[in-house]
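# What the coordinates show
Residue-level listing of the chains:
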Amino acid sequence: MIQAFGLTSVPRKDLPPAVDDVSFEAGAGRVTTLLGTPGAGKTTALRLMLELQRGRGVTHFRGRPLHRIAHPSREVGVLLGDVPGHPARTVRGHLRMLCAAAGVPVRRADEVIETVGLAGLRDERLGTLSRAMDRRLGLACALLGDPHTLVLDAPTDGLSARESRWLYGTLRAHAAQGGTVLLTTDDPKEAARTADRVVTLERGRLVADQDAAHFARTRLRPRIAVRTPHAARLAALVAKEARAARRSVEVVQDSGNRLSVYGTTCADVGETAFRHGILVHQLADEIGDMGPGAGVDPPAADGAAPDVPAGRADPAARLAEEAASRPGSAVLAVSAPARTPHPEPPAGDPPEPPATLTPSRTAPGPGAGAKLGSRAGTGADAPPGADPHPEAGARPAPVDDADPPGARTPSAGRPAAACAPTTPPGPSTATASAASAPDRPGGGAARGAARRGPAVPVSALPPLPPPVSVRPAPSPLRPLRYELRRATGVGTGFVTVAVVLVVSAATAALLAGIGHTPQARLLAAWPQQVPLPPAALGAGLLGALAFGDEFRHPALAADRGTVPRRLGLLVAKLVVSAATALLLAFLTVGCDAEVLYLLYGRELAEVPADWLSLGASWAGLVVGCAWAGVLAAGVFRSTTAGLAAVVAVPVAVVPLVHRVVEGADVRAAAGVPVRMREVFLLRWPFGGERYLAAAARMIAQPVGSALMLSLTALLCAYLLTTLRSRTR
């Protein structure tokens, strides 16, 4: 079950909040739909519930907020937009990588592939998937952790009717197994057909919370759609014949040559057009949308007629008013004699035509005053103490019908005055006292206070809902396994290694042909005029891709658009990049030695005498470049910036260090092991002095010192940005 209380987004400048005090429930075993036009606040409400956006409010998933759940992906499956995976990764590889992040067995990937019907596309790359297949992959990612709750934002957007039916069938099956499904849509017919409960939003506010049957009765109304070049003439004739036959018929003339006729059939309209020789281009039965909250009245006290807020009037009156407000539209209403009111039709039947329809451009007709009293400006039929002239910014009370026992309504626990239509909207209301309102012309503050009712002290108002804090995404539960599958799931790394080996072998052969190059530089293929050898540049590029691809294709935090800055993930990336760099360094030296042996004989391929120190320096250089790429890409969120930081070490940092040390520290570093043994009275076992001296000489060199300095600076910058994000 999902319980949302007081969801309110942060307003921008002088604009009202996109979501204002929205509260609702989505029960287990049911499909709940958030309905609203584009811009009504559906996506913002979901982001507030998932703690992806700052604001106020509380959302409980089976009694716990999201940040209190140890493994959120195993409780809530989320689909917000497209799947941001690497386009070169396969469907199966992408899901196996996310299995490591969610901490579930790898066989779960094959299970969800079968569930969503992607068995035949498991080896297809993500960049080649169609819109429908991408939606199926997104649903597979949401189902990967076997969650109880599914939250989806416009899941059928852009899908065909067949794919939409399949998707809703899958969601219905998940709800039938006891799960909770919450999705958004802007199509009321789709909501009535597929949901168990419909929550309607309008301009960021909750206007209705109904079950699907009641929603279909009150908001959806059958009509006849007519398109003819003689729309005005046909509308007048249909209204005239209905008046003569004493039938309640309503004709709404839309812009252009379109008509919407309510209360009749296609046969009657067609016969009227045929008898009078009117050409008709379209004549069809449709289901008309009456607008948010249409046709449902709040309960009235003491048997009085309810005070209908703006946007919540009778369907016919609301339709007449909306059609009249559109430019180029008109409403012809035919009023039948007074009759006995029809009983309410059972669930699923279309509503009967109203006994009296009011023209939108004239005063209300007989019998319309009960429902249109507050809109017409008369307070005779309003409840005692109600304001017959509600303010323009008043918020309509949400409709909540057929609530289960114990369910909380959006205004549960709030004082009556705080939820009255005359109270200004927003969770930050300071007081509802009439004394704080400005004097009105002709009546003064006393008359305004009398209309508003008794004052409510500030202490009686409910407190503000707690703020919604945006927390970083959780780290992968198995970061090392995740990083290995991420690195090996795309061919970029393999192509980079192959290019490095080819370039390095060609460079070594060229240097050997030119001559005057030390053997150590020949094996590393490192000309003196080049800042770094090909192997070091390749290792730096692979390290930069480790974080650069994460920011470019944020599969770990698809809904947040960023990468979690967690220590476990950083350590995993450093370990994998170091192992890759060492493998690349070994392969590079081996390939270069083999090429030199084949071209020039054994003399240039011999192992140097000081191979230990040279090997340590070579491994340290390659691993240091890889780590510099990882840290720089993590700090600057770009692969290009990570590679640029690697190149900047020999170009900018090495000359600076060289000027500072002036080469004297290499000789001083040679006696470090002896001096340490004298100070700590320790004897290095197994010839440890030799290894320590090699490490000291490597660090004391300008390149080693510059690399250590750069790594330290990048690590401090990464930790600083991590702490800064957590502080926010």
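Residues numbered from 1 in each chain as written. Predicted model: local features only at pLDDT ≥ 70, side-chain atom pairs only at ≥ 80, totals over all residues. Heavy atoms only, no water.

## Observations concerning the packing of helix H14 (residues 492-514) against helix H16 (residues 534-552)
Here is the rule we go by: Lines fitted to C-alpha atoms define the axes, with helix axes restricted to the stretch in contact, and inter-axis angles between N-to-C directions lie between 0 and 180 degrees. Going along the chain from the N terminus, every DSSP run of H or I of four or more residues is numbered as a helix, and every run of E of two or more is numbered as a strand. By definition in this entry, angles of less than 35 degrees are roughly parallel, angles greater than 145 are roughly antiparallel, angles of 65 to 115 are roughly perpendicular, and the rest are oblique. Residue contacts follow a heavy-atom distance rule, with two residues in contact if any of their heavy atoms lie within 4.5 Å. Under the scheme applied here, ten amino acids are nonpolar (Ala, Val, Leu, Ile, Met, Phe, Trp, Tyr, Cys and Pro), four are charged (Asp, Glu, Lys and Arg), and all others, including Gly, are polar.
For the pair H14 and H16, the least separation of the axes is 9 Å and the interaxial angle reads 170°. Taken as axis vectors, H14 and H16 run roughly antiparallel relative to one another. The segment H14 lies against H16, with Thr492, Gly493, Thr496, Val497, Val500, Val503 and Ser504 engaging Pro534, Ala535, Gly538, Leu541, Leu542 and Leu545. Of the residues belonging to the contact of H14 with H16, the class tally is 8 nonpolar, 5 polar and no charged.

## Observations regarding the pattern of salt bridges
Note the threshold: When a carboxyl oxygen of Asp or Glu is within 4 Å of a side-chain nitrogen of Lys or Arg, the pair counts as a salt bridge. Only protein chains enter the calculation, and the probe is 1.4 Å; a residue is then buried if its accessible area is under 20% of its type maximum, exposed if over 50%, and partly exposed in between.
Taken as a whole, this structure holds 15 salt bridges when the rule is applied. Arg131 is the partner of Asp82 in a salt bridge, and the nearest nitrogen-oxygen pair spans 2.6 Å. With Asp82 in the loop between strand S5 (76-80) and helix H2 (91-102) and Arg131 in helix H4 (residues 131-143), this residue pair connects regions lying 49 residues apart in the sequence. Classification of Arg131 as partly exposed rests on a relative accessible area of 31%. Ionic pairing is found between Arg122 and Asp110, a salt bridge with its closest N-O pair at 3.5 Å. Placement of the pair is Arg122 in the loop between helix H3 (107-115) and H4 and Asp110 in helix H3, with a sequence separation of 12 residues. On the basis of relative accessibility, which here comes to 22%, the residue Arg122 falls in the partly exposed class. Residues joined in a network through salt bridges with shared partners are Arg92, Asp110, Glu114 and Arg122.

## As for the pairing of strand S9 (residues 205-211)
Worth spelling out the cut-off: Pairing between strands is defined by DSSP: at least two bridges between them are needed.
S9 sits mainly inside the fold: 6 of its 7 residues count as buried. Relative to S9, strand S8 (residues 197-202) runs antiparallel, the two sharing 6 bridges. Looking at the pairing, Val199 lines up with Asp209 of S9. Once S8 ends, the chain turns through 2 residues before running back antiparallel as S9, passing Arg203 with a positive phi of about 55°.

## Considerations on the nonpolar core
Put simply, the rule reads: For our purposes a nonpolar core is just a set of buried Ala, Val, Leu, Ile, Met, Phe, Trp, Tyr and Cys residues, chained together by side-chain atoms within 4.5 Å.
Ranked by size, the top nonpolar core spans 82 residues in total, and within it Leu95 and Leu171 carry the most contacts. Considering every element that reaches this core, the biggest residue donor is helix H18 (residues 611-636), with 12 residues. Those residues in contact with Leu171, other than ones at most four positions away along the chain, are Val31, Leu139, Leu150, Leu152, Val181 and Leu183. Within the second largest apolar cluster, 25 residues are counted, among which are Ala4, Leu52, Val76 and Leu206.

## Things to note about unusual backbone geometry
Positive phi values are uncommon outside glycine, yet Arg203 reaches one of about 55°. Its place among the elements puts Arg203 in the loop between S8 and S9. The phi dihedral of His516 falls on the positive side, at around 60°, and the residue is not glycine. Along the chain, His516 falls in the loop between H14 and helix H15 (519-524). The exposure class of His516 is exposed, given its relative accessible area of 83%.

## Regarding the confidence of the model for the protein chain
As a reminder, the rule being used: pLDDT is a per-residue confidence score from the predictor, ranging from 0 to 100.
Averaged over the protein chain, the pLDDT score is 76; the fraction of residues at 70 or greater is 69%. This model gives residues 663-667 a pLDDT under 50, and the stretch forms 2 contacts once residues within four places in sequence are excluded.

## A closer look at the sheet that holds strand S16 (residues 467-468)
Ordered in space as S2-S1-S4-S16, the 4 strands form an open sheet in which the pairing is antiparallel. Only two strands of the sheet have a single neighbouring strand rather than two, namely strand S2 (22-26) and S16. Across 4 bridges, the pairing between strand S1 (residues 2-9) and S2 is antiparallel. Counted as the bridge partner of Ala4 is Phe24 from S2. Across the face of the sheet, helix H1 (residues 42-49) comes into contact with S1, S2, strand S4 (55-61) and S16 while running at roughly 115° to S1.

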